[in-house]
Amino acid sequence: MRIGELARIVGVTTRAIRHYHHLGLLPEPERLGNGYREYGLRHAVELARIRRLTELGLGLGEVRDVLAEDAGRDLVEVLAELDADLARQEAALHERRVRLRALLDDAERQGGLPAGSPLSPELTSFFEELGDVDLDSPMAVKDREVLALVDATAPPEARAALMAVLGPALTAPGALDSVREVYALLDALADAGRDDPRVAEAARALLGWLPADLPTAEGIEQHALLDAFLGDFSPAQAEAVRLAMRMAEEER
């Protein structure tokens, strides 16, 4: 097959294939007498493997290491592992879509995300631990809504990592008082501009409560979700959250 056919089969661009050739990730076949390169099944399998590994978040250097370990393996074995990876991805995606659809159905019926929305056991336990902390706070309501959305759409391992750090954070001495303080400071910025002098105070309070090992959001989808979340905030509230995140990254 030609490079264009290979790209369509695997679902990448010809430019990506040439880039992988340049980096040495994908073997480059010799040119035939007519000047074209002829790709085979092994190329398709290895290219699909590269795509799968990059979708999992591995850098190209890490992909190179994985492929080096696969170099001597039987083609059928590599195909079977790739098929198993795709099956796990398909099952996880189906679970996330079912949870998201149930969440959206509840929101449509009740005009918002109700307290009884379908949640994972981990988030349900987290909300029970949080109790009725400032449920009359608009910021507290938004906070719970975005956690419910992340709970419905994030992969299981990401949900588990988030809950693993949020849960213990509530059991620390004075944690609930800190939560109340953060909500109050952010609520006070509801009608303020981003240059309001109270922004820094709210950001420091938020930073003081955020767990040090809170997973960071990476990738276009995560940043788009954050932008959508902050879109409901006042300019001052959004700036306080972003400032706290920048300060957390600097500390790391």
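Residues numbered from 1 in each chain as written. Predicted model: local features only at pLDDT ≥ 70, side-chain atom pairs only at ≥ 80, totals over all residues. Heavy atoms only, no water.

Asker: Is there a simple way to explain the overall build of the protein chain in this structure?
Answerer: The secondary structure content of the protein chain amounts to twelve helices and zero strands. Ordered by position from N to C terminus, the α and β elements of the protein chain give α-α-α-α-α-α-α-α-α-α-α-α. In the protein chain, which comprises 252 residues, the proportion classed as buried is 36%. Sequence-distant contacts in the protein chain: of pairs separated by 6 or more residues, those separated by 24 or more amount to 64%. Carbon and sulfur atoms make up 55% of the accessible area of the protein chain, which amounts to about 14800 Å² in all. (Helix = DSSP H or I, 4+ residues; strand = E, 2+ residues; numbered from the N terminus. Buried < 20%, exposed > 50% of the residue type's maximum accessible area, 1.4 Å probe, protein only. Contact = heavy atoms within 4.5 Å. Areas by Shrake-Rupley, 256 points an atom, 1.4 Å probe, with all protein chains shown as cover.)

Asker: Help me understand the side chain of His43 in this model?
Answerer: Position of His43 relative to the elements: it lies in helix 3 (residues 41–55). Setting aside chain neighbours within four positions, we find His43 in contact with Leu6, Leu26, Pro27, Pro29 and Glu38.

Asker: So what exactly am I meant to see when it comes to the confidence of the model for the protein chain here?
Answerer: One rule of thumb: low pLDDT means the predicted coordinates there are not for detailed reading. Residues at a pLDDT of 70 or more form 75% of the protein chain, whose mean pLDDT is 77. By mean pLDDT, helix 11 (residues 220–230) is the weakest element of the protein chain at 55, and helix 2 (residues 14–23) is the strongest at 92. Residue range residues 217–223 is modelled with pLDDT below 50. Its contacts to residues more than four positions away, or to other chains, number two contacts. (pLDDT = per-residue confidence, 0-100.)

Asker: Explanation requested: the packing of helix 1 (residues 3–10) against helix 2 in the structure shown.
Answerer: Packed helices, taken two at a time, are described by their axes: the angle between them and the distance between them. Here helix 1 crosses helix 2 at 105°, and the two axes come no closer than 9 Å. Classed by the angle they form, the pair helix 1 and helix 2 counts as roughly perpendicular. Two secondary-structure elements touch here, helix 1 through Ile3, Gly4, Leu6 and Ala7 and helix 2 through Thr14, Ile17 and Arg18. For the contact of helix 1 with helix 2, the class distribution of residues is four nonpolar, two polar and one charged. (Axes fitted to C-alpha atoms, helices over the stretch in contact; angles between N-to-C directions. Parallel < 35°, antiparallel > 145°, perpendicular 65-115°, else oblique. Nonpolar A, V, L, I, M, F, W, Y, C, P; charged D, E, K, R; others polar.)

Asker: Explain the nonpolar core to me, please; I cannot follow it from the model alone.
Answerer: The tendency in soluble globular proteins is for nonpolar side chains to be buried as a group. Phe126, Leu147, Leu166, Leu189 and Trp209 are the most contacted members of the largest nonpolar core, which totals 35 residues. Listing elements by their share of this core, those giving two or more residues are helix 6 (121–130), helix 7 (138–153), helix 8 (156–171), helix 9 (175–187), helix 10 (198–209) and helix 12 (235–251). Listed in part, the 18 residues of the second largest apolar core include Val10, Ile17, Leu26 and Val63. (Core = buried A, V, L, I, M, F, W, Y, C linked by side-chain atoms within 4.5 Å.)

Asker: I tried to follow the pattern of salt bridges on my own but got confused; where do I start?
Answerer: Side-chain pairs of opposite charge can arise whenever the charged atoms involved come near each other. Tallied over the entire structure, the rule returns six salt bridges. In this structure, Glu38 engages Arg2 in a salt bridge whose closest nitrogen and oxygen atoms are separated by 3.9 Å. Of this pair, Glu38 sits in the loop between helix 2 and helix 3 while Arg2 is found in the segment before helix 1, placing the two residues 36 residues apart along the sequence. Residue class for Arg2 comes out partly exposed when judged on its relative accessible area of 34%. The residue Glu239 makes a salt bridge to Arg246 at a minimum N-O spacing of 3.2 Å. (Salt bridge = Lys/Arg side-chain N within 4 Å of Asp/Glu carboxyl O.)

Asker: Mind showing me how you'd approach the packing of helix 10 against helix 12 here?
Answerer: Running from N to C, helix 10 and helix 12 cross one another at 50°; their axes reach a closest spacing of 8 Å. On the basis of their axis angle, the class for helix 10 and helix 12 is oblique. Handedness of the crossing formed by helix 10 with helix 12: right-handed. Of the residues in helix 12, those touching helix 10 at Val199, Ala200, Ala202, Ala203, Arg204, Leu206 and Leu207 are Ala236, Glu239, Ala240, Val241, Leu243, Ala244, Met247, Ala248 and Glu251. (Left-handed = near helix turned anticlockwise from the far one by under 90°.)

Asker: I'm lost on helix 12 in this one. Help?
Answerer: An α-helical turn contains 3.6 residues, so a residue and the one three or four places further along point in the same direction. Taking 1.5 Å of rise per residue, the 17 residues of helix 12 would be expected to cover 24 Å, and the 24 Å separating its terminal C-alpha atoms lies within 8% of that figure. All of the buried residues in helix 12 are Ala236, Gln237, Ala238, Glu239, Ala240, Val241, Ala244, Met247 and Ala248. (Expected span 1.5 Å × (residues − 1).)

Asker: When you look at helix 10 in this model, what are you seeing that I'm missing?
Answerer: Over its twelve residues, helix 10 runs 17 Å from end to end, which matches the ideal 16 Å to within 8%, given 1.5 Å per residue. Listed in full, the buried residues belonging to helix 10 are Val199, Ala202, Ala203, Ala205, Leu206, Leu207 and Trp209.

Asker: Sorry, what's going on with the side chain of Arg52 here?
Answerer: Turning to its location among the elements, Arg52 is positioned in helix 3. Once you skip the residues sitting within four places of it in the chain, Arg52 turns out to touch Leu82, Asp85, Leu86 and Gln89.

Asker: Would you mind going over the environment of Val150 with me for this structure?
Answerer: The residue Val150 is located in helix 7 in this model. With 50 residues separating them along the chain, Val150 and Leu100 place their C-alpha atoms 9.4 Å apart.

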